[in-house]
Amino acid sequence: MSDEPPVVARGLVKRYGDVVAVDDVDLTVEAGDVYGYLGPNGAGKTTSLRMLLGLIRPTSGTAHLFGRDPLVDGARALDGVAGFVEGPRFYPYLSGRKNLELLADYDGRGARLRIDEVLDLVELRDRARHRVGGYSHGMRQRLGIAASLIRDPRLLLLDEPATGLDPAGMRDMRDLVRRLAGEGITVLLSSHLLAEVEELCNRVAIIRKGRILYEGSLARLLETASESYRLRALEPERARLLCLAQSGLDDVVLDGDEVVFRAGEQAVADLSVALGQARIPFTALVPSTTSLEELFLGMTEGEPDERPAEAVA
Amino acid sequence: MGGVVKVYRWELAKLAAQKRTYLGVGAAILVPIAFVVALVLQKGAGPTDVPLGRTLRDTGLATPFVVLFFLSIWGLPLITALVAGDIVASETHNGTLKTILTRSRERGQVFAGKVLASLTYMVVAVFAMGAVALVAGTIAWGLHPLTSLSGTRVPVGHGVVLLLETLGIYTVALAGVAAFGLMLSTVTRNSAASVVGTLMFALLMQLLGVLPGTESIRPYLLGTQFDAWHGFLRTPADWAPVVRALWVCTLYIGIPLFAGYLVFLRRDVAGE
């Protein structure tokens, strides 16, 4: 057992010609973390994970898993590490079980003995005899988890594990990740869904256009994202003027027939009273959930000191 | 070493689960059968312009040599290319390279397993062709002594030994095609391009050998080594082309395999 952190990446850069896919990325995942790697599609998440797994060579920078560098130590660097990038892929002409047996033999160390157990865990036992070519997307995703778990990993790297799943499948996948984390497996999970990361992760890194915008605890991140509210009133223009006059409300704008603004909870409570006193009927006054995109905008346009200086340099 | 064996066994299992394997070995088995059936139905003289063609109807022992002569030009190179050109590229196509390269096997072990499996398939195809041709020829014309290219009579037992030696040295030459296919399969990441490119390479090597003005390099072309086995059919056996085939083929096998190995070790596995 190594005391080194599960993931330490420093200054990772990957260039494809003129395109910089990953630009000076630092990541640190500590043992026991459920670490969310958050960013829109094409931000460089998958490329980063490929570098961690030794599938592609960084243009510069280093990646260490439990202190081992895949480029130096080869397959040994992946001891105790499992996962997949860009969706798990299998041999379509072999059965699910045969695929797992193949990978178990590639792994050694009793991986074969865990096959039945993990097939039960991902609820694929009944279909394991069928060829993977006939599997649905969700089944392949679950087989991917199974293939990772037969390695008995201490670190799981999952690239958008819930993508393309139906709502029930997404829920099952998240339950599974939560359960695995509960068993002490460190998880690094990439996602473009804020809700998913919010639900599962304790620490996050946010990447955009190959650069890390934020790395740290999720709680701290959400504090920095100021709450935005939507007000639906019968007389939108009067409502907007009232909002402008209220203290504690910022960025008041009319969006269709709704007034949108940023405010703290107390200011919103005061506003509801003011609306009543001004006899402006309203049907809704709700916090609008901060979307990832809004969060990004907030981060890229916000005060520079909200971000770690080295990450924006 | 144990790691390579594990990869090799699974590569064989994968080949056994794929249609193209049966297409290749099936062709190697069906061609001699079709050849014998056609000659039996045709009744006339055998092909007179190929080694042993004149004596084809005298003994089934001549059949595998004549079939090999015809298949050696493009049939067996194509059968070889079918798997060698595909075995790395298909991983790209299926997106499975990342699946197997994130386990506990080194890239070198994976590549070695694939090389061994491709060569095994090639050997199986060549020897299956020889065995089926021998059986089909024997059923048609009986098993009698063979007349060598020098005109001497070769007893059946020695003839079978000559056949094994012939298939063996031909396989070494064919491994040059397989090695080139493996390299293309690794570099192009495209199965169809690799199969076609490998066949083109085999044909070009033979074409170069018949062009005027290539006499000086002819002994060192891969295509020339395809005919090295003719030396076994002389009395006494002419070992010069066989020995030359062995060392020339070592280069044709070693260089592309080493190049493919280096590319495989260093390549970025992205988007596949």
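Bear in mind that the values here come from a model prediction, so they are computed numbers and not experimental data.

A few points about the overall build of chain B
- Scanning chain B from terminus to terminus reveals 11 helices and two strands.
- Reading the secondary structure of chain B in the N-to-C direction produces α-α-α-α-α-α-α-β-β-α-α-α-α.
- A compact globule built from 272 residues would reach a C-alpha radius of gyration of about 19 Å, and chain B, at 20 Å, matches this within 12%.
- Projected onto the principal axes, the alpha-carbon positions of chain B cover approximately 60 × 40 × 30 Å.
- Classification of the 272 residues of chain B by burial places 48% in the buried group.

Regarding the nonpolar core
- Formed by 155 residues in total, the largest nonpolar core has its most connected members in A146, I150, V187 and L189 of chain A.
- It is helix 7 (residues 107–141) of chain B that provides the largest number of residues to this core, a total of 15 residues.
- Filtering out sequence-adjacent residues up to four positions away, V187 of chain A remains in contact with V34, Y35, L156, L158, V177, L180 and A181 of chain A.
- If you look at the next biggest cluster of nonpolar residues, it comprises 12 residues, including A239, C243, L271 and L275 of chain A.

Some remarks on helix 1 (residues 2–16) of chain B
- Compared with the 21 Å implied by 1.5 Å per residue over 15 residues, the 21 Å span of helix 1 of chain B between its first and last C-alpha is a close match.
- If you check which residues of helix 1 of chain B are buried, you get V7, W10, E11, K14 and L15 of chain B. One side of helix 1 of chain B carries all its buried residues, which in axial view fall inside an arc of 145°. Summarising the geometry of helix 1 of chain B, the exposed residues directed more than 90 degrees from the buried face are G2 and A16 of chain B.
- Contacts from the buried residues of helix 1 of chain B go to helix 3 (96–107) of chain A together with helix 2 (19–42), helix 4 (75–84) and helix 7 of chain B.

Notes on the interface of chain A and chain B
- Chain A puts 22 residues into the contact, and the matching count from chain B is 20 residues.
- Top element by residues in the side of chain A that touches chain B is helix 3 of chain A. It accounts for five residues.
- Classifying every residue of the side of chain A that touches chain B gives 15 nonpolar, two polar and five charged.

Some details on the pairing of strand 3 (residues 34–38) of chain A
Residue and element names in this part refer to chain A.
- Counting buried residues along strand 3, five of its five residues qualify, which places the element largely inside the surrounding structure.
- A two-sided burial pattern is seen for strand 3, the buried positions comprising V34, G36 and L38 on one face and Y35 and Y37 on the other.
- Where strand 3 and strand 8 (residues 203–208) come together, four bridges link them in parallel fashion. For G36, the partnering residue across the bridge sits in strand 8 and is V204.

Things to note about helix 9 (residues 191–210) of chain B
Residue and element names in this part refer to chain B.
- The terminal C-alpha atoms of helix 9, which comprises 20 residues, lie 29 Å apart, in line with the 28 Å expected from a rise of 1.5 Å per residue.
- Residues of helix 9 that are buried include every one of S191, S194, V195, G197, T198, L199, F201, A202, M205 and G209, and no others.
- Structurally, helix 9 contributes buried residues whose contacts are with helix 4, helix 5 (89–94), helix 8 (156–188) and helix 10 (222–225).

Here's the deal with the sheet that holds strand 1 (residues 7–16) of chain A
All names here are of chain A.
- Taken in spatial order, the three strands make up an open sheet running 2-1-4, and their pairing is antiparallel. Looking at the sheet topology across the chains shown, the edges are occupied by strand 2 (19–29) and strand 4 (60–65). This sheet shows a mean twist of 20° between the axes of neighbouring strands, independent of strand direction.
- Pairing of strand 1 with strand 2 involves seven bridges; the strand directions are antiparallel.

Quick word on the environment of R15 of chain A
All names here are of chain A.
- Inspection of the secondary structure puts R15 in strand 1.
- Between the alpha carbons of R15 and I212 there is a distance of 16 Å; along the sequence they are 197 residues apart.
- If sequence neighbours within four positions are ignored, R15 has contacts with V20 and T59.

Describing the packing of helix 4 of chain B against helix 7 of chain B
Residue and element names in this part refer to chain B.
- Relative to each other, helix 4 and helix 7 sit at 150°, their axes nearing to 9 Å. For the element pair helix 4 / helix 7, the angle class is roughly antiparallel. For the pair helix 4 and helix 7, the sense of crossing is right-handed. Facing helix 4, whose interface residues are L76, I79, T80, V83 and A84, helix 7 presents S118, Y121, M122, A125 and V126.
- Of the residues belonging to the contact of helix 4 with helix 7, the class tally is eight nonpolar, two polar and no charged.

Re unusual backbone geometry
- With omega at -5°, the peptide bond leading from T235 of chain B into P236 of chain B counts as cis.
- Relative to the elements of secondary structure, P236 of chain B occurs in the loop between helix 10 and helix 11 (240–266).
- With phi around 55°, E86 of chain A is a residue other than glycine that occupies positive phi space.
- Mapped onto the secondary structure, E86 of chain A falls in the loop between strand 5 (81–84) and helix 3.
- Positive phi, close to 50°, is recorded for D152 of chain A, a residue that is not glycine.
- Within the secondary structure layout, D152 of chain A lies in the loop between helix 5 (137–149) and strand 6 (155–159).

Some details on the sheet that holds strand 7 (residues 186–191) of chain A
Residues and elements named next belong to chain A.
- On the basis of which strands lie adjacent, the open sheet formed by six strands has the order 5-6-7-3-8-9 and mixed pairing. The sheet terminates laterally at strand 5 and strand 9 (211–217), the two strands that pair on one side only. Neighbouring strand axes in the sheet, compared pairwise and without regard to direction, differ in orientation by 15° on average.
- Pairing analysis gives six bridges linking strand 8 to strand 9, with the strands arranged antiparallel. Across the sheet, V204 pairs through a bridge with G216, a residue of strand 9.

Concerning the confidence of the model for chain A
- Here chain A averages 87 in pLDDT, and 90% of its residues register 70 or above.
- Under a pLDDT of 50 for its full length, residues 302–313 of chain A has, in the predicted model, 11 contacts with residues more than four places off or in other chains.

Reading guide: rules and limits
Residues numbered from 1 in each chain as written. Chains lettered and ligands numbered in written order. Predicted model: local features only at pLDDT ≥ 70, side-chain atom pairs only at ≥ 80, totals over all residues. Helix = DSSP H or I, 4+ residues; strand = E, 2+ residues; numbered from the N terminus. Rg over C-alpha atoms; globule rule 2.2 N^0.38 Å. Buried ≥ 20, exposed ≤ 12 C-beta atoms within 10 Å, placed from the backbone. Core = buried A, V, L, I, M, F, W, Y, C linked by C-beta atoms within 7 Å. Contact = placed C-beta atoms within 7 Å. Expected span 1.5 Å × (residues − 1). Arc of directions from axis to C-beta. Nonpolar A, V, L, I, M, F, W, Y, C, P; charged D, E, K, R; others polar. Pairing = 2+ DSSP bridges. Axes fitted to C-alpha atoms, helices over the stretch in contact; angles between N-to-C directions. Parallel < 35°, antiparallel > 145°, perpendicular 65-115°, else oblique. Left-handed = near helix turned anticlockwise from the far one by under 90°. pLDDT = per-residue confidence, 0-100.

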